[in-house]
Amino acid sequence: MPFLDWVNKTQAVQDAATVPYHLLQFSQGYGEPNTDNMLIQGDNLLALKGLLPFYRGRVKCIYIDPPYNTQSAFEHYDDKLEHSQWLSMMYPRLVLLRELLADDGSIWVSIDDNEGHYLKVLMDEVFGRKNFEQPRKYFHANVIWKKRTSPDARLSLGAAHDNILVYAKDPDKLKLNLVPLSGEKAKNFKNPDNDPRGAWASTDFTGQIGHATPNQFYTIVTPSGKQFPPPDGRCWALAEDTFYKLVEEGRVWFGKTGNSKPRLKRYISEVEGITAWTWWPNTEVGHNQESKKEINALFGSDSAFETPKPERLMQRILQLATNTGDLILDSFLGSASTAAVAHKMGRRYIGIEMGEHAQTHCIPRLQKVIEGEQGGISKAVNWQGGGGFRFFTLGDPVFLPDGSINPAVRFASLAAYLWHFDTGEPWQAPTLNTVELSRHSGMDRRNPDCRDATNPRHPWSLGSGDPNAGNGKRRKS
Ligand SMILES: C[S@@+](CC[C@H](N)C(=O)[O-])C[C@H]1O[C@@H](n2cnc3c(N)ncnc32)[C@H](O)[C@@H]1O
């Protein structure tokens, strides 16, 4: 298979392996303290490497929206790299992301035409072109997101869309969900009686008599007292007992006046949805103006982030690629759109952002989410607030220049690193005890730091919540 080459590619290929492991330094918790959600401020090359011993193969869905290399200098980050430098920036990060991805996981990468076609070739190399060669068996897609509502009048052929390149870690294991009903189709579902189960559409309650049983022939009395025997040549769809149980549960509709022939309610939440395809119009998943409005509402137009993605776009990706409780990773977090949407949808998340806006935008945005802000997808998912996240920065390197272990590394982290280096697996704290670890890694149990392990749920849970800590209580958030 032909590969892309560029100046300093050899160095870029080595970077993922040679970049030093750094500790992740716990700084502060926000909201509910017992949370897996993490926001990390720092260069994602170091942060991703630092996550490997704990999360290798555990991330269900990665979404990234890297700088597109538009040669612009945005207020919050620079988007101006020489072409080869951009490729060198992306390559090792994609390699580390692949390592973090679960076998049944998928990676989704937003990009435009500045670097999109080069990125495709790069991702073929890192994630496997076989995904492209056998589309029936393997999974690979280039989603077209129509991001604008009208052409840019300044350009003679302006771009209407972004690409989202999608790769599976193992196409045989990836199973995407259906797209929940929305848009035109969802318009048929209404809620005239304020049913707490949400919007519904009514369906016929009669059946064919061919396979009917005797208890499907009865006279129905409506709430207004009107009587309905089965229509000529038909029976009722269900037996009498079952019918009146559904009436009790409020699942039968007799019309606004309670006087009509009964119809069954079919809830939008119970309709399975439709199969996704690669054409995502802005009417379904939002557009750039929508995301600008969302971010302006959060921060005011003067200090808004310039290139946010709409919450509905993130929602679509997470609906397809994840289920409640799954772990999401975004290592180019920007204004934290992915984390905010993951939080509202009940997913766990790790977000990495190197700019100051990790503190000026990401933290406040996620705090607002915890407080129950009602922008973006909040109303659609009935978001009421709650949950929490923990903020980390990059800490010391794990190894000193002479190769010895940095004394700042405490037991919890050390255990995870040794386990990871020996087994190639992420730390499995619940099943691992000190004896197993010392036998496995030849670790010196006479070292008091090695004796104070207490079967943590995972290393962050030991001590103060600081991944470097070995004892003590979690800091109060
Ligand atoms: C296009 S923006 C992401 C926007 C985001 N999807 C949103 O909805 O707000 C790209 C982000 O990647 C960040 N970034 C660029 N290089 C990075 C690196 N090496 N490590 C961490 N973040 C980085 C930039 O600071 C910028 O915030």
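Under an unreviewed UniProt entry, the name given to the chain is Methyltransferase, and the source organism is Candidatus Methylumidiphilus alinenensis. Regarding the chain, the UniProt comment filed under Sequence similarities (unreviewed entry) reads as follows: "Belongs to the N(4)/N(6)-methyltransferase family."

**Considerations on the environment of I144**
With respect to the secondary-structure elements, I144 resides in strand β7 (residues 140-146). By relative accessible area, which is 24% here, I144 ends up partly exposed. Residues I144 and H161 lie 17 residues apart in sequence; the distance between their C-alpha atoms is 6.3 Å. Here I144 is in contact with H161, D162, N163, T278, W279 and W280, once residues within four sequence places are set aside.

**Concerning the site of the ligand**
Near the ligand there are 20 residues, and of these D65, S335, S337, E353 and H357 occur at the shortest range. A distance of 2.7 Å is found between a nitrogen atom of the ligand and a side-chain nitrogen or oxygen belonging to D65. M354 is positioned with one of its backbone polar atoms (N or O) 3.3 Å from a nitrogen atom of the ligand. Its residues placed into classes, the shell around the ligand shows 7 nonpolar, 8 polar and 5 charged.

**Comments concerning the pairing of strand β2 (residues 38-41)**
Note on strand geometry: in a regular strand, side chains alternate between the two faces of the sheet. Alternating residues of β2 divide into M38 and I40 and L39 and Q41, and every residue in both groups is buried. One ladder, built from 4 bridges, connects β2 with strand β18 (residues 348-353); its direction is parallel. Bridge assignment links L39 to a residue of β18, and that residue is G351.

**A word on the packing of helix α10 (residues 311-321) against helix α11 (residues 337-344)**
To characterise two packed helices, one gives the angle between the axes of the helices and the distance between these axes. Packing of α10 against α11 leaves a shortest axis separation of 9 Å and a crossing angle of 60°. The orientation of α10 with respect to α11, classified from their angle, is oblique. The hand of the α10/α11 crossing is right-handed. Only S337, T338, A340, V341, A342 and K344 of α11 make contact with α10, whose side of the interface consists of E311, M314, Q315 and L318. Within the contact of α10 with α11, the residues separate by chemical class into 5 nonpolar, 3 polar and 2 charged.

**Notes on a nonpolar patch on the surface**
Where nonpolar side chains cluster on the molecular surface, the patch consists of F399, I405 and F421 and spans about 230 Å² of accessible area. On the accessibility criterion, F399 (31% relative accessible area) is partly exposed.

**What to know about the packing of aromatic side chains**
The description of two aromatic rings rests on the distance between their centres and on the angle between their planes. The full count for this structure, using the stated rule, is 18 aromatic pairs. When the ring of F205 is compared with that of F243, the centres are 5.0 Å apart and the planes differ by 35°; the resulting orientation is tilted. Placement of the pair is F205 in the loop between β9 (200-204) and β10 (206-208) and F243 in helix α7 (residues 240-248), with a sequence separation of 38 residues. Pair check on accessibility: F205 and F243 agree, each one buried. Where Y218 meets F243, the ring centres are 6.2 Å apart and the plane angle is 45°; that geometry is what we call tilted. With Y218 in the loop between β10 and β11 (220-221) and F243 in helix α7, this pair connects stretches of sequence that are 25 residues apart. This pair shows no difference in class: Y218 is buried, exactly as F243 is.

**Re the sheet that holds strand β15 (residues 263-267)**
The antiparallel open sheet is built from 3 strands, whose spatial order is β9-β15-β14. The open sheet terminates on both sides in strands that have one partner only, identified here as β9 and β14 (252-253). When β14 meets β15, the two strands line up antiparallel, connected through 2 bridges. Along β15, the bridge assignment pairs V252 with L264.

**Examining the nonpolar core**
Counting 60 residues, the largest nonpolar core has L94, I107 and L119 as its most contacted members. The residues that make up this core include at least three from each of domain 1 (9-180 + 273-394) and domain 3 (398-461). Beyond its immediate chain neighbours, meaning those up to four positions away, I107 contacts I62, L94, L97, L101, M123, F127, L165, V166 and Y167. Within the second largest apolar cluster, 37 residues are counted, among which are Y30, V143, V285 and I377.

**Things to note about the packing of helix α9 (residues 288-299) against helix α12 (residues 357-371)**
In the contact formed by α9 and α12, the axes pass within 11 Å of each other and the chain directions differ by 85°. As judged from the angle between their axes, α9 and α12 are roughly perpendicular. For the pair α9 and α12, the contacting residues are I295, L298 and F299 in the first and T360, H361, P364, R365 and K368 in the second. Taken together, the residues that form the contact of α9 with α12 break down as 4 nonpolar, 2 polar and 2 charged.

**Looking at the environment of F299**
Relative to the helices and strands, F299 resides in helix α9. Sequence separation between F299 and H361 is 62 residues, and the spatial gap between their C-alpha atoms is 7.9 Å.

Parameters at a glance
- Residues numbered from 1 in each chain as written.
- Predicted model: local features only at pLDDT ≥ 70, side-chain atom pairs only at ≥ 80, totals over all residues.
- Heavy atoms only, no water.
- UniProt positions renumbered as here; feature names shortened; annotations may be inferred.
- Helix = DSSP H or I, 4+ residues; strand = E, 2+ residues; numbered from the N terminus.
- Buried < 20%, exposed > 50% of the residue type's maximum accessible area, 1.4 Å probe, protein only.
- Contact = heavy atoms within 4.5 Å.
- Near = heavy atom within 4 Å.
- Polar contact = N/O pair within 3.5 Å; in protein donor to acceptor, adjacent residues only side chain to side chain.
- Nonpolar A, V, L, I, M, F, W, Y, C, P; charged D, E, K, R; others polar.
- Pairing = 2+ DSSP bridges.
- Axes fitted to C-alpha atoms, helices over the stretch in contact; angles between N-to-C directions.
- Parallel < 35°, antiparallel > 145°, perpendicular 65-115°, else oblique.
- Left-handed = near helix turned anticlockwise from the far one by under 90°.
- Patch = residues over 30% accessible without salt bridge, like charges linked within 9 Å, V, L, I, M, F, W, Y side chains within 5 Å.
- Areas by Shrake-Rupley, 256 points an atom, 1.4 Å probe, with all protein chains shown as cover.
- Salt bridge = Lys/Arg side-chain N within 4 Å of Asp/Glu carboxyl O.
- Phe/Tyr/Trp six-rings, centres within 6.5 Å; stacked < 30°, edge-to-face > 60°.
- Core = buried A, V, L, I, M, F, W, Y, C linked by side-chain atoms within 4.5 Å.
- Domains from an automatic or database assignment.

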